[in-house]
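# Topology and contacts: notes
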Amino acid sequence: MDAQIKFHKEFDGHEKVHRFFDEKTGLKGFIVIHSTKAGPAVGGTRYFPYKSEDEALDDALRLSKAMSYKCALAGVSFGGGKCVLIAPDSFTPKTEAYLNAYAHELLKVKDIFFTGEDVGMKQNDIEALALVTPNIIGSKAKAGDPSPWAALSVYYAMRGALQFADKTDSFEGKKIAIKGLGKVGMELARLLHDEGAELFLADTNTYCTEDALQKFERATIVPPEEIHKCEVDIYAPCALGREITNHTLHEVRARIICGSANNQLDTPKHGEMLFEKGIVYVPDYVANAGGLINVVAELDKMGYNKNTVLEKCKGIKETVFSILKESLDRSISPNQVSDERARAILL
Ligand code: NAD
């Protein structure tokens, strides 16, 4: 690992940073391992048009640490890792040679890192990688797409937050804003709409918003830059990270923030500021753990068991309730509570 990385602002004792570049295919990125203390590291592969290598590294350092915390609170014996691939732009499809070159990078860390889908990666990409390297999770023949499970865990996390805030976990008549109608956001919208919620939806991709209008009777489309300002019961960031910043924090009018996006808080301090404003923030890595729970289930020695995955996802409601209660009792923010719990397990 380059010694300079230890001085990176997001460095947190990460065990490994593997940078790779293949001139022929244009493959460029980082595999970052935060911790393997509890077991091999797991974390999705993100394919995104980062503006610079530093932006990509920053994301990988933050996301891999969040994966360690997510594993700790989800009660699975794995550590945190992440791979970020620097896409040339949002439109160029990945070639077979590109995926093959990436699979060969993954082979180099096959004993310490398992990866699967994240933003910009499709199920077909995962299938292609799995033909070359064994450290792929979430292929069709095994646990499959983690996104519906991530949506389900956010749904249960919301129920935990509603139970805490309103003493009832019903979605009937609740107003919920969702930013990002991709694999997770759209499924979350479906679950909430089925239970009587009124939806406010945003996506930069008009195909997604048009699709949502076809699917959901009680849905209003909101411009992406306005969605966090909606006066709703719950705001669910389901696009990218750094959603709560100095700028947006003062514009949020939701009572609860609970979504799937990783690293929603610009810094932990922003979680404390939300707490001071009386907004209930459900730590992202607690809420979205369903995807992780599902993919690591295929590594279970006893084999993949869908019922066990379902029960663990349901359990997130209780975890969220207990974090929010401890936050109230100790007068500290929910993200402080969950970070403390995760660090206690990781040490
Ligand atoms: P996705 O790529 O399928 O969907 C993301 C959606 O957000 C896309 O439709 C995109 O157009 C939209 N978007 C991007 N920028 C936007 C903006 N500024 N405003 C509005 N919409 C915007 O990704 P996904 O798999 O649904 O994941 C969504 C989030 O949840 C990510 O942060 C991801 O890391 C996190 N997550 C995903 C999983 C999973 O299993 N897929 C698991 C845990 C966490």
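Criteria and cut-off values
- Numbering of residues begins from 1 in every chain and follows the order in which that chain's sequence is written.
- At least 70 in pLDDT is required for a residue's local features to be given in this predicted model, at least 80 for side-chain atom pairs to be given and counted, and no such filter applies to totals for whole chains, interfaces and linings, which use all residues.
- Here the side-chain values reflect all heavy atoms present in the structure, with hydrogen atoms and water set aside.
- What makes a salt bridge here is a side-chain nitrogen of Lys or Arg within 4 Å of a carboxyl oxygen of Asp or Glu, nothing more.
- Only DSSP runs of H or I reaching four residues or more are called helices, and only runs of E reaching two or more are called strands; each is numbered from the N terminus.
- The set of buried Ala, Val, Leu, Ile, Met, Phe, Trp, Tyr and Cys residues whose side-chain atoms join them within 4.5 Å is what this entry labels a nonpolar core.
- Only protein chains enter the accessibility calculation, which uses a 1.4 Å probe; a residue whose area is less than 20% of its type maximum is buried, one above 50% is exposed, and one in between is partly exposed.
- In this document the domain limits rely on a domain assignment from an automatic tool or a database.
- Contact criterion: two residues are considered in contact whenever any of their non-hydrogen atoms come within 4.5 Å of each other.
- For this analysis, a ring pair means two rings from Phe, Tyr or Trp (six-membered ring only for Trp) whose centres lie within 6.5 Å, classed as stacked if their planes differ by under 30 degrees, edge-to-face if by over 60, and tilted for the remaining angles.
- Once two parts are put together, the accessible area they lose, assessed with a 1.4 Å probe and summed over both, is termed the buried area.
- Counted as a polar contact is a pair of N or O atoms within 3.5 Å, where, for protein atoms, one must be capable of donating a hydrogen and the other of accepting one, and residues adjacent in sequence contribute only when both atoms are in side chains.
- By this rule the span expected of a helix is its residue count minus one, scaled by 1.5 Å.
- Pairing between two strands requires that DSSP report at least two bridges joining them.

## A look at the pattern of salt bridges
For the structure on display, the rule yields 32 salt bridges. The salt bridge involving arginine 62 is made with glutamate 10; its shortest N-O contact spans 3.8 Å. Within this pair, whereas arginine 62 is found in helix H1 (residues 53-74), its partner glutamate 10 is found in the segment before strand S1 (16-22), the two being separated by 52 residues in sequence. Its salt-bridge partner being arginine 255, residue aspartate 166 comes within 2.8 Å of it at the nearest N-O pair. Placement of aspartate 166 in helix H4 (residues 147-166) and of arginine 255 in the loop between helix H7 (246-249) and strand S11 (256-257) is noted, with a sequence separation of 89 residues between them.

## Considering the nonpolar core
Ranked by internal contacts, the top residues of the largest apolar core, which has 66 residues, are Met158, Ile178, Leu188 and Leu192. For this core, the element with the most residues is H4, which contributes 12 residues. Counting contributing residues per domain, this core is built from domain 1 (3-66 + 78-130) and domain 2 (147-346), each supplying no fewer than three. Leaving out residues up to four positions away in the same chain, leucine 192 has contacts with Tyr155, Met158, Phe171, Ile176, Ile178, Ala197 and Leu199. Among the nonpolar cores identified, the runner-up in size contains 21 residues, and Leu85, Ala87, Ala103 and Phe113 belong to it.

## Side note on the packing of aromatic side chains
Scanning the model with the defined rule gives 7 aromatic pairs in all. Geometrically, the ring pair formed by tyrosine 69 and tyrosine 285 is edge-to-face, given 5.7 Å between the ring centres and 80° between the ring planes. Of this pair, tyrosine 69 sits in helix H1 while tyrosine 285 sits in helix H9 (residues 284-287), and the two are 216 residues apart along the sequence. Classification of tyrosine 69 by relative accessible area gives buried; the value is 5%. Centroid distance phenylalanine 164 to phenylalanine 321: 6.1 Å. Interplanar angle 75°. Geometry classified as edge-to-face.

## Let's talk about the domain arrangement of the protein chain
The extent of an interface is frequently quoted as the accessible surface area lost upon association of the parts. Once the domains are mapped, the protein chain shows domain 1 (3-66 + 78-130) and domain 2 (147-346). Using C-alpha coordinates to define each centre, domain 1 is positioned 24 Å away from domain 2. Across the domain 1/domain 2 interface, buried area totals approximately 1200 Å², and carbon plus sulfur atoms make up 56% of it. Where aspartate 58 meets arginine 242, a salt bridge forms, and the shortest distance between an N and an O atom there is 3.3 Å. In this structure, the connection of domain 1 to domain 2 is made through 3 residue pairs in polar contact (both at pLDDT 80 or more).

## Some thoughts on the environment of glycine 44
Inspection of the secondary structure puts glycine 44 in the loop between strand S3 (41-42) and strand S4 (45-48). Its relative accessible area of 11% is what places glycine 44 among the buried residues. Taking the C-alpha atoms as reference, glycine 44 lies 8.1 Å from phenylalanine 114; in sequence the two are 70 residues apart. Contact partners of glycine 44, with chain neighbours within four places excluded, come to Lys82, Cys83, Thr115, Gly116, Glu117 and Asp118.

## Quick look at helix H5 (residues 183-194)
Every α-helix winds through 3.6 residues per turn, so residues three or four apart in the chain are directed the same way. With 12 residues, H5 ought to run about 16 Å at 1.5 Å a step, and its terminal C-alpha atoms sit 17 Å apart, in line with that. Among the residues of H5, those classed as buried are Val184, Gly185, Met186, Leu188, Ala189, Leu191, Leu192 and His193.

## Focus on unusual backbone geometry
The backbone of lysine 167 shows a phi angle near 65°, a positive value even though the residue is not glycine. Within the element layout of this structure, lysine 167 appears in the loop between H4 and strand S7 (175-179).

## Here we look at the side chain of glutamate 105
By the secondary structure assignment, glutamate 105 is in helix H2 (residues 96-107). Residue classification places glutamate 105 among the buried residues on the basis of a relative accessible area of 11%. Separated by 2.8 Å, the side chains of glutamate 105 and histidine 18 make a polar contact. Those residues in contact with glutamate 105 that lie beyond four places of it in its chain are His18, Phe20, Leu27 and Ile31.

## Examining the pairing of strand S10 (residues 234-237)
Where burial is concerned, the two faces of S10 agree: the one with Ile234 and Ala236 and the one with Tyr235 and Pro237 are both buried. Looking at chain direction, S7 and S10 are connected through 4 bridges and run parallel. Within S10, the position partnered with alanine 177 by the bridge is tyrosine 235. In the sheet, S10 pairs with S11 via 2 bridges, with the strands oriented parallel. Across the sheet, the residue bridging to tyrosine 235 is isoleucine 257, located in S11.

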